[in-house]
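Residues per chain, in single letters:
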Amino acid sequence: MKALNSIKLFGLLITVSLFAFSCNSDDDSGSQTPPTNSTKLFASNNTDGNITYYDVTDASNITTTTLLTTSLAADGIFYDADNDVVLQASRSGFNLEAFTGISALPNNTSIVSALIGTVDMQSPRETAVKGNIVVVADNADVDGDMNTLDGRFFVYESNGTEFTLRNTITTDFKVWGITFIGNDLYAVVDADNELAVFTNFLNNTSDATLSASKRVVIEGIVRTHGLTYDLNSNTMIMTDIGDATNTQDDGGFHVISNFASKFNAIADGGTLAVSDQVRVSGSSTLLGNPVDVAYDNATGTVFIAEAGNGGGRILAFNNIGSGGDITPTLNNTLSAASSVYLSKD
Ligand SMILES: [Ca+2]
Ligand SMILES: [Ca+2]
Ligand SMILES: [Ca+2]
């Protein structure tokens, strides 16, 4: 099984199949979890744009592999284990780039993108993948007026050889982290403490300006950035960067168990009480500006891309329990870490 949305995306690119729109998170719904052979955490960064992955299958013997890209900065990393393809959004080329056959490559190999996207974006951040579609959240100001809140989602479609822009959705809040749950796109409301959802997001096939279907205040968060959802455990995790100018010690993350029923019970504009969440924060956590998060339900591990503390780190937390000032169980330096993605196969 895959973490999050199980995707046959890149298999499609190479061997065009009829699975294009049938492979979604539904195949994660079984109660039986097959044994995991390998668990890898992929990370991007804004210092050199290289791709780093950590084999975290054995927490006591974690190996690190860095693959050298021509990008100078990148975000929105995603990995398709079935087809051994890694994808990221280049913040120097302003396009998507995907690399195939990467798992056998030794550390510090220079890699060349097998698939690239058209150059449309200004400030790409997180990606969300579904079928042969890749959505990228772009946090550049849209209308030239920094006082009006706005953001864009660029919707790319793979035709097997490249990613072409299908359409662009402009919205009325700043964007950053995004993830699909089924057909619905969940998006953090950047510069704020809200979670938004666009139901049946991909049904919007033309360029359009769109408000969220619903927005909910996540009490206790100052400024959210990253989010991840685990379908098997129905757990949503969101990061809190606090004040962006404090890069060292005012960040945290919130774990929201039984997410679907909690979120669905709240009306548009309502609040999810902090008492219905578990918050991890404090000086021991090394959380200053945690910008992205991934979750391994099998081990109860929360992985964080920390952009600020110590210059940037990849952190992991276990035994979350009731939260608080928890010391990370993994602390690897990664300068200007920007995103993480967990893959299990
Ligand atoms: Ca604006
Ligand atoms: Ca901060
Ligand atoms: Ca991510």
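As the structure is a prediction and not an experimental result, all values here were calculated from the model.

Once that is clear, we can look at the overall build of the chain. A count of helices and strands for the chain gives two helices and 27 strands. Within the chain, the fraction of its 345 residues that count as buried is 57%. Here the contacts in the chain between residues at least 6 apart in sequence split such that 56% fall between residues at least 24 apart.

Protein coordination of the calcium ion (ligand 1) is provided by Asp141 (OD), Asp143 (OD), Asp145 (O), Thr148 (O), Thr148 (OG1), Asp150 (OD) and Asp150 (OD), with donor distances spanning 2.2 to 3.2 Å. Written as a sequence motif, the donor residues of the calcium ion (ligand 1) are D-x1-D-x1-D-x2-T-x1-D. Here threonine 148 falls in the partly exposed class, since its relative accessible area comes to 32%.

Counted by the stated rule, this structure contains five salt bridges. The partner of aspartate 296 in a salt bridge is lysine 344, and the shortest N-O contact between them spans 3.0 Å. Remark: lysine 344 occurs in strand β27 (residues 337-344) and aspartate 296 occurs in strand β23 (residues 290-296); sequence separation between them is 48 residues. Residues aspartate 296 and lysine 344 agree in their burial class; the two are buried.

This brings us to the sheet that holds strand β24 (residues 301-306). Pairing is antiparallel in the open sheet, where four strands are placed in the order β23-β24-β25-β26. Strand pairing shows two members of the sheet lacking a second neighbour, β23 and β26 (330-333), which therefore form its edges. Averaged over all neighbouring strand pairs, the angle between strand axes comes to 15°, with direction disregarded. Where β24 and strand β25 (residues 313-317) come together, five bridges link them in antiparallel fashion. Each bridged residue has a counterpart across the sheet, and for valine 302 the counterpart in β25 is phenylalanine 317.

In this section: the coordination of the calcium ion (ligand 2). Coordination sphere of the calcium ion (ligand 2), protein contribution only: Ile241 (O), Asp243 (O), Asn246 (O), Asp250 (OD), Gly288 (O) and Asn289 (OD1), at 2.2 to 2.5 Å. Written as a sequence motif, the donor residues of the calcium ion (ligand 2) are I-x1-D-x2-N-x3-D-x37-G-N. Within this pair, whereas aspartate 243 is found in the loop between β19 (235-240) and β20 (252-256), its partner asparagine 289 is found in the loop between β22 (278-281) and β23, the two being separated by 46 residues in sequence. A relative accessible area of 43% means that aspartate 243 is categorised as partly exposed.

Let's shift gears to the sheet that holds β20. Sheet strands pair by backbone hydrogen bonding; their relative direction is either parallel or antiparallel. Reading across from one edge, β18-β19-β20-β22 is the order of the four strands in this open sheet, with antiparallel pairing throughout. Either end of the sheet is taken by a strand with one partner, and the two such strands are β18 (224-230) and β22. Between one strand axis and the next, the sheet turns through 15° on average, direction left out of account. Of the pairings in the sheet, the one linking β20 to β22 comprises four bridges and is antiparallel in character. Opposite valine 255, over in β22, you have valine 278 as the bridge partner.

In terms of burial, strand β1 (residues 39-45) is largely enclosed, as seven of its seven residues are buried. Side-chain alternation along β1 places Thr39, Leu41, Ala43 and Asn45 on one buried face and Lys40, Phe42 and Ser44 on a second face that is also buried. Note: β1 against β27, seven bridges, orientation antiparallel. Residue pairing in the sheet places leucine 41 in a bridge with leucine 342 of β27. Of the strand pairs in this sheet, β1 and strand β2 (residues 51-55) are connected by four bridges, and their pairing is antiparallel. Looking across to β2, one finds that alanine 43 is bridged to threonine 52. Between the antiparallel neighbours β1 and β2 lie five residues, among them glycine 49 with a positive phi of about 75°.

With that out of the way, let us pick up the packing of aromatic side chains. For the coordinates displayed, the defined rule picks out twelve aromatic pairs. Here the aromatic residues Phe153, Phe173, Phe198 and Phe201 are joined through ring pairs into a cluster of three or more. One residue, lysine 130, lies across the ring of phenylalanine 180, its end atom 5.9 Å from the ring centre.

Once that is clear, we can look at the side chain of threonine 168. Tracing the chain through its elements places threonine 168 in strand β12 (residues 162-171). The residues touching threonine 168, leaving out its near neighbours within four places in the chain, are Arg152, Phe153, Phe154, Ser206, Asp207 and Ala208.

Let us look at the environment of serine 261. Examined against the element boundaries, serine 261 turns out to sit in helix α2 (residues 259-264). Sequence-wise, serine 261 and asparagine 234 are 27 residues apart; in three dimensions their C-alpha atoms are separated by 9.2 Å. Within the local environment of serine 261, its side chain forms a polar contact with the backbone oxygen of asparagine 258, the two atoms lying 3.2 Å apart.

Cut-offs and rules
- Residues numbered from 1 in each chain as written.
- Chains lettered and ligands numbered in written order.
- Predicted model: local features only at pLDDT ≥ 70, side-chain atom pairs only at ≥ 80, totals over all residues.
- Heavy atoms only, no water.
- Helix = DSSP H or I, 4+ residues; strand = E, 2+ residues; numbered from the N terminus.
- Buried < 20%, exposed > 50% of the residue type's maximum accessible area, 1.4 Å probe, protein only.
- Contact = heavy atoms within 4.5 Å.
- Donors = N, O, S within 2.8 Å, 3.2 Å for Na, K, Ca; no water.
- Salt bridge = Lys/Arg side-chain N within 4 Å of Asp/Glu carboxyl O.
- Pairing = 2+ DSSP bridges.
- Axes fitted to C-alpha atoms, helices over the stretch in contact; angles between N-to-C directions.
- Phe/Tyr/Trp six-rings, centres within 6.5 Å; stacked < 30°, edge-to-face > 60°.
- Lys NZ or Arg CZ within 6 Å of the ring centre and 35° of its normal.
- Polar contact = N/O pair within 3.5 Å; in protein donor to acceptor, adjacent residues only side chain to side chain.

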